[in-house]
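# Structural description and commentary
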Amino acid sequence: GTYYEHDLYFNKNLSIIGQENTIVSCEGKSAFTISNGNTVVIDTITFANGSSALKNYGNMLIRNSSFENNKCSIISISEGNENYLNITGSIFFNDMETAISVENTSLHLGYSLLANNALAINRTGENAADIENNWWGNTVEDSEFDSNLLNGIGLPDKYLVLNISANSTNPT
């Protein structure tokens, strides 16, 4: 089902596992904030229509989830600890500013799809980053895979690019 949730704060370790078609509509706000020192696992949930769907100040593992029509899907900031953000098998689509923003946080992004985002990844800090084996789609203003998709991180060695265009015609 669809849940209209926002501004939920988690200050303990937990797993949030959705069932088929579990959607969190963020109503223009953040759905979840994870506090420093905690680990949250998110699995099989769609987050839509948020300012920043998830704010991570701890550790986060995201699997098989979707992020659609957010301003920024995930913001992850380390506050002095060596925090991580690990994302696999997920989809980031139509983010207006940035799909994933990390600051002083180790990032692993694999086997995921990023398409039609203004910027796929914005990274500040020197923490480890692994973005291999993803499927990159068109950005909002650029159909080529280059540094316009990424800020503060180099291009991956192993990836696929999906460029989509359509030309509709009326049958006679």
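See the structure printed just above.
Since the model is a prediction, treat every value here as computed from it, not as a measurement. (Residues numbered from 1 in each chain as written. Predicted model: local features only at pLDDT ≥ 70, side-chain atom pairs only at ≥ 80, totals over all residues. Heavy atoms only, no water.)

### Overview of the nonpolar core
Grouped together as the largest cluster of nonpolar side chains are 33 residues, with contacts concentrated most on F47, L54, I100, L109 and I121. For this core, the secondary structure elements donating two or more residues are β5 (32-34), β6 (39-43), β8 (52-56), β9 (59-63), β12 (84-88), β14 (98-103) and β15 (106-110). Tallying contributions element by element places β14 first for this core, with 3 residues. Beyond its immediate stretch of four places on either side in the chain, I121 contacts T98, I100, L107, L109, I131, W136, L149, L150, N151 and I153. (Core = buried A, V, L, I, M, F, W, Y, C linked by side-chain atoms within 4.5 Å. Buried < 20%, exposed > 50% of the residue type's maximum accessible area, 1.4 Å probe, protein only. Helix = DSSP H or I, 4+ residues; strand = E, 2+ residues; numbered from the N terminus. Contact = heavy atoms within 4.5 Å.)

### Some details on the pattern of salt bridges
Going through the model one piece at a time under the given rule, you end up with 2 salt bridges. Note that D43 is salt-bridged to R63, the shortest N-O span being 3.3 Å. Taken together, the positions of D43 in strand β6 and R63 in strand β9 put the pair 20 residues apart, joining distant regions of the chain. On the basis of relative accessible area, D43 is assigned to the buried category, the value being 12%. Residue class for R63 comes out partly exposed when judged on its relative accessible area of 30%. (Salt bridge = Lys/Arg side-chain N within 4 Å of Asp/Glu carboxyl O.)

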